[in-house]
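Single-letter residue listing:
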Amino acid sequence: MCFATCSSCVTLFVLSLSSPTRCDVSGDVTGRRLNGPLRLFGLALGSGAAGVGLSYWRRPSEEIELPAVPEPEAFIHPYETWPWYQKAWFAFKRSVFLAFVFAPFMCASLVLLVKKENGNAGYWREFWLQQMLECTQRAGAAFQKFGQWLSMRPDMFPPDVILVLSKLRADAPAHPGTVSRQKLREHLGKEVEELFEEFEEEPVASGSVGQVHRARLRPEHALDGPGGHLREVAVKIQHPGVIESAFMDLNIVWKIVEFSENFLHMTMPFDRSDFDGVIQAQMDFTREAFNLQQFAKNFKGESCIRFPKVSSRFVTPEVLVETWESGELISNIMEDFDNAKAKCQDAVSALEEKKRQVQGKLSKILYDMSMKMMVRDNFVHGDLHGGNILYSMSDDHVTVLDAGIATSLEKRTFAPFGVFLHALCSGQTDIVVDYLQRFNESKICVNTKQLKTDIQETMDKYMGPFRLNQHGPLNAADMFGEVMFTLQRHGMLLKGDVASTLFTISISEGLVRQLDPTFDVAKQALLRAIVHYHKSRRNPLGPW
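Residues numbered from 1 in each chain as written. Predicted model: local features only at pLDDT ≥ 70, side-chain atom pairs only at ≥ 80, totals over all residues. Heavy atoms only, no water.

The protein goes by Probable serine/threonine-protein kinase abkC in an unreviewed UniProt entry, where it is assigned to Durusdinium trenchii.

If you want it as C-alpha cells, here you go:
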C-alpha cells in the first residue's frame with residue numbers, strides 16, 4: 001500500500017532536510033536531494049516523528065562575520081567606450097546571430113497559426129513551446145531574464161507558457177569546465193587545485209548570467225581565514241560574452257515590449273537609463289557580493305531570513321565564491337508536492353493540506369521580508385522568484401540567493417513614495433495623481449483633469465464598484481500596470497527609481513500569489529504603508 005511506502009520513507013525525508021543542498025546562479029538554483037515524492041510523503045505523514053526525533057544542528061557559519069566588501073563603482077558598460085565602427089560591427093553580428101537563433105521559433109509560430117484548427121494542434125503547440133524555450137535559452141542573458149520575469153505573471157499567459165518560461169530559471173546552457181578553470185586562474189591568480197580541495201567540474205546549475213560549481217576550499221583558503229569553518233562553497237562564474245551581448249539585447253527587449261503593448265498588456269512610461277543601470281549592474285559580481293552583505297546586515301538577528309556569506313578575497317567582476325547553503329528550492333518543493341499526489345492518490349488529502357500549510361507559511365515569510373526591504377530598509381531584492389529562494393523545512397528559514405539586482409529609492413523620493421503607496425493601496429485618487437505628477441520627468445504638459453478621470457477609472461476597476469471579484473484579493477501588479485498605461489497615454493515619464501520599485505513590488509507579488517493565490521498583497525501593503533505614511537508625515541516632503 002502507498003501509506004506503507006510513505007511511512008517507510010520518513011527517515012529518508014528527515015535526513016534530506018539537513019542535507020547540504022543548494023546552489024545559486026543568477027536567478028537559478030538547484031540542489032541534490034532525494035526524489036520529491038519520498039521526501040514529501042515523509043513531510044505530510046511523518047512530520048511529527050521528525051520533530052520528536054531530531055534536533056537541528058545550527059551551523060557555526062551563521063555566527064561568523066566576514067570583512068565588508070566595499071561598494072563598487074558605478075557600472076560602466078564596455079560598449080560605451082567602443083569606437084563607432086566597433087559598435088556597428090558588433091550590432092551587425094549580433095543581429096544576424098539573433099535572427100538565426102529565433103528563426104525556428106518564428107517558423108513554429110507560423111505553423112501553429114496555420115495548424116491551430118487541425119487535429120494535431122496539441123502536437124504543434126508543444127513543438128512551439130519547446131522552440132520558445134530553446135531559442136530564448138540560446139539568445140542570451142537579457143532574453144532569459146525577460147522570460148524569467150514574464151514567468152512570474154500567470155495572469156498574463158496560459159499555464160503551459162508559464163510552465164515553459166519558468167524553466168529559464170534553472171535550465172540555461174552551461175559553458176565548459178575548461179572555461180571556468182581559465183576564469184578562476186585569470187581572476188583569482190591560482191590554479192583550481194591550489195585553491196580547492198574538491199571542485200566539481202560539472203556545474204550544479206546554470207543561469208542567465210553565470211553558472212555555479214560546488215567546491216570545498218583548502219583549509220588555508222577558508223572564507224573566514226586559514227583553518228576556518230567556511231570551506232563548503234558555491235563558485236559562481238560568469239558566462240563568456242554576457243556583458244557584451246547584454247547592452248544591445250536590452251534595447252531589443254524594450255522594442256519587443258513596445259511592439260507587444262496591445263496583446264501582452266505591458267508598457268514602459270519611465271526613464272529607461274536608470275532601469276537599465278539596475279539590470280546591467282548584475283553583470284558585475286562585486287555588486288552582488290556587496291548586496292549580499294548589505295541584505296545580511298539589514299536582516300541580522302532575524303533567524304528565518306538568511307543570505308550566503310562572501311569574502312572580499314574571493315570576489316571579482318566575473319567570479320564570486322560564497323558559502324554553500326542548505327535547503328530546497330521553493331519551485332522544486334511545489335513541484336514535488338504535485339508529483340507526489342500523482343503517484344499516490346491515497347495520500348492526496350494529507351499532501352494537499354501540507355502543501356497549503358507550507359505555501360501559506362512561505363507566502364507570509366516572503367511578503368514580510370519584501371515589505372521590510374522596501375519600507376524599513378529602502379534596499380529591495382529585485383529578482384525574487386522560486387528559483388532564487390531556498391527553504392529549510394527543518395527550522396523554517398529561507399535563504400535568499402542571487403542578489404545581483406537590488407533597487408532603492410532616492411532619499412528625497414523615499415518619504416513621498418510612502419505617501420503615494422498608501423494612497424494607491426487605499427484608492428485615494430487625488431493624492432495618487434498629485435504624486436504621479438511629482439514623479440513625472442516628462443516636459444509635456446499634462447491634462448490633470450483627464451488624468452484624474454483615468455486614474456479614478458482604474459481605482460473603480462480594481463478597488464471600487466466595478467471590481468469583478470469583490471471578495472477576492474486585489475491584483476496589485478495589474479493595477480500598477482493600468483496606472484503605467486495611463487501615464488503612457490498622457491505622455492508622462494515616471495522617475496526611474498520609482499518605476500524600478502513598482503516593478504520589484506510586482507515581481508514579489510507574483511511570487512507570493514503563486515504560493516498563495518488568496519493572499520491579498522495590496523491589503524497587507526496598506527498596513528505597512530500606513531506606518532510609512534505616518535513616519536513620513538513627521539519628515540516633510542523636502543524638495544518636493
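A.B. asks: Residue-level account of the overall build of the protein, with values.
C.D. replies: On a plain count of helices and strands, the protein comes out with 21 helices and 12 strands. When the 544 residues of the protein are sorted by exposure, 56% land in the buried category. The long-range share in the protein, meaning contacts at least 24 apart out of those at least 6 apart in sequence, stands at 74%. Carbon together with sulfur atoms contributes 57% to the accessible area of the protein, which is approximately 24300 Å² in total. (Helix = DSSP H or I, 4+ residues; strand = E, 2+ residues; numbered from the N terminus. Buried < 20%, exposed > 50% of the residue type's maximum accessible area, 1.4 Å probe, protein only. Contact = heavy atoms within 4.5 Å. Areas by Shrake-Rupley, 256 points an atom, 1.4 Å probe, with all protein chains shown as cover.)

A.B. asks: Please set out the pairing of strand β4 (residues 232–238) residue by residue, giving values where relevant.
C.D. replies: Judged by how many residues are buried, β4 sits mostly within the fold: six of seven residues are covered. By the bridge criterion, seven bridges tie strand β3 (residues 210–217) to β4 in an arrangement that is antiparallel. Within β4, the position partnered with R216 by the bridge is E232. (Pairing = 2+ DSSP bridges.)

A.B. asks: An account of the packing of aromatic side chains is requested, with residue identities and associated values reported.
C.D. replies: Taken as a whole and judged by the stated rule, the model has 14 aromatic pairs. Aromatic side chains F295 and F307 sit 5.4 Å apart centroid to centroid with 10° between the ring planes, which places their arrangement in the stacked category. Of this pair, F295 sits in helix α13 (residues 285–298) while F307 is found in the loop between β5 (305–306) and β6 (310–315), placing the two residues 12 residues apart along the sequence. F307 carries the same exposure label as F295, and that label is buried. When the centroid spacing of 4.7 Å and the interplanar angle of 50° are considered together, the rings of F295 and F379 count as tilted. Here F379 lies in the loop between α15 (348–377) and β9 (380–381) and F295 lies in helix α13, a separation of 84 residues in the sequence. Like F295, the residue F379 is buried in the burial classification. A network of ring pairs unites the aromatic residues F295, F299, F307 and F379 as a single cluster. Above the ring of W324, the side-chain terminus of R214 is found at 4.2 Å from the ring centroid. (Phe/Tyr/Trp six-rings, centres within 6.5 Å; stacked < 30°, edge-to-face > 60°. Lys NZ or Arg CZ within 6 Å of the ring centre and 35° of its normal.)

A.B. asks: Outline the pattern of salt bridges, supporting the account with residue identities and numerical values.
C.D. replies: This model, assessed by the stated rule, comprises 24 salt bridges. Across the pair E65 and K300 runs a salt bridge whose closest N-O atoms are separated by 3.5 Å. Of this pair, E65 sits in the loop between α3 (36–53) and α4 (84–115) while K300 sits in the loop between α13 and β5; the two residues are 235 residues apart in sequence, bridging distant segments of the chain. With respect to class, E65 is no different from K300; both count as exposed. Note that R125 and D160 form a salt bridge whose closest N and O atoms lie 2.5 Å from each other. Of the two residues, R125 is situated in helix α5 (residues 121–139) and D160 in helix α7 (residues 159–166); the sequence distance between them amounts to 35 residues. Each of E197, R214, R216, R231 and E232 takes part in a single network of salt bridges with overlapping partners. (Salt bridge = Lys/Arg side-chain N within 4 Å of Asp/Glu carboxyl O.)

A.B. asks: Can you lay out the side chain of S206 for me, pointing to particular residues and giving the numbers?
C.D. replies: Note on placement: S206 falls in strand β2 (residues 205–206). Engagement of the side chain of S206 in a polar contact is seen with the backbone oxygen of P173, the distance being 2.9 Å. In this structure the side chain of S206 is engaged in a polar contact, spanning 3.2 Å, whose partner is the side chain of H239. (Polar contact = N/O pair within 3.5 Å; in protein donor to acceptor, adjacent residues only side chain to side chain.)

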